[in-house]
Every structure is written in structure tokens, then in C-alpha cells.
Amino acid sequence: MLEPVKLANFFLVFFSAALVILFGASYALLFAWSRVKDRPQMLLVAYAAYAGLFFSVITLAFAANLFNNAFWTFIVLLMLIGYLIAPHAIWRLCIGTHADEAHPLK
């Protein structure tokens, strides 16, 4: 059973959860923008956003006592790996889907 979040950690949980959303959206948008506009230097900014996402998720997991349970530790790590790989897979799917169009995505 999960231990409830301590009242002293409530603000940290709230703030880190907001940062997870902010950095996650930033990573996805910057990744897509770097691919659509063919700007590899923007991909570095996208990975910096992922680093922010990574640290926010780890902070959230510690503040919410998720690392006290092996199941939730696995879920947190699976989410981090999945969110790193998902934009690459979605991009390849889009390229494959639109390969025969007149104006491919590149």
C-alpha cells in the first residue's frame, strides 16, 4: 500500500506535477518542430526539455513516495522510457503513412 503524501510535501508534489505536464508538452512540441522544420539544433532543446521532464518525474516520485513500492518504481521508469521513445516512433509512423504524398514530411 502506498504511504500518503506528507502535508509538507504537498506543494512539491503539486509543483513537480505541473512541471511534468509543462516539460512533457515542450519536449513533444520541440521534437516535432525540429523534425518538420529540419532543424537538428532544435532537437537539442527538445532533449533539454526531456531532461527537465526526467528530473520533474523523479522529484514527483520521491515526494509522492512512489519509490517505496517496486510496482510504482517500475511504472515511473516505464513512463520515462516510453516518453523518450514515443515521439521517435510517432514520427516514423507519420513518415510511413505519408510517404506517397506529393509533399512528404521529410
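This structure is a prediction, so every number in the text was calculated from the model and none was measured. (Residues numbered from 1 in each chain as written. Predicted model: local features only at pLDDT ≥ 70, side-chain atom pairs only at ≥ 80, totals over all residues. Heavy atoms only, no water.)

With 24 residues, helix α2 (residues 40–63) should reach 34 Å at 1.5 Å per residue; the first-to-last C-alpha distance of 35 Å fits that figure. For α2, every residue scored as buried is listed here: M42, L43, A46, A49, Y50, G52, L53, S56, V57, I58, A61 and A63. Where α2 is buried, its residues meet α1 (10–36) and α3 (70–97). (Helix = DSSP H or I, 4+ residues; strand = E, 2+ residues; numbered from the N terminus. Expected span 1.5 Å × (residues − 1). Buried < 20%, exposed > 50% of the residue type's maximum accessible area, 1.4 Å probe, protein only. Contact = heavy atoms within 4.5 Å.)

Working note: a packed helix pair is described by the angle between its axes plus the distance between those axes. Where α1 contacts α2, the axes come no closer than 8 Å and their chain directions differ by 160°. Taken together, the axes of α1 and α2 lie roughly antiparallel to each other. The element α1 and its partner α2 pack so that their crossing is left-handed. Across the contact of α1 with α2, the residue classes tally to 21 nonpolar, 7 polar and 1 charged. (Axes fitted to C-alpha atoms, helices over the stretch in contact; angles between N-to-C directions. Parallel < 35°, antiparallel > 145°, perpendicular 65-115°, else oblique. Left-handed = near helix turned anticlockwise from the far one by under 90°. Nonpolar A, V, L, I, M, F, W, Y, C, P; charged D, E, K, R; others polar.)

Under the defined criterion, the tally for this structure stands at 8 aromatic pairs. Aromatic pair Y27 and Y47: ring centres 6.2 Å apart, planes at 35°, arrangement tilted. With Y27 in helix α1 and Y47 in helix α2, this residue pair connects regions lying 20 residues apart in the sequence. Classification of Y47 as partly exposed rests on a relative accessible area of 30%. A connected cluster of aromatic rings, assembled from ring pairs, spans Y27, F31, Y47, Y50 and Y83. Looking at R39, its charged tip hangs above the ring of W33, at a distance of 5.6 Å from the centre. (Phe/Tyr/Trp six-rings, centres within 6.5 Å; stacked < 30°, edge-to-face > 60°. Lys NZ or Arg CZ within 6 Å of the ring centre and 35° of its normal.)

For the rest of this paragraph, the subject is the confidence of the model for the chain. When pLDDT is averaged along the chain, the result is 90; 92% of the residues meet or exceed 70. α2 holds the highest mean pLDDT among the elements of the chain, 96, whereas α3 holds the lowest, 94. (pLDDT = per-residue confidence, 0-100.)

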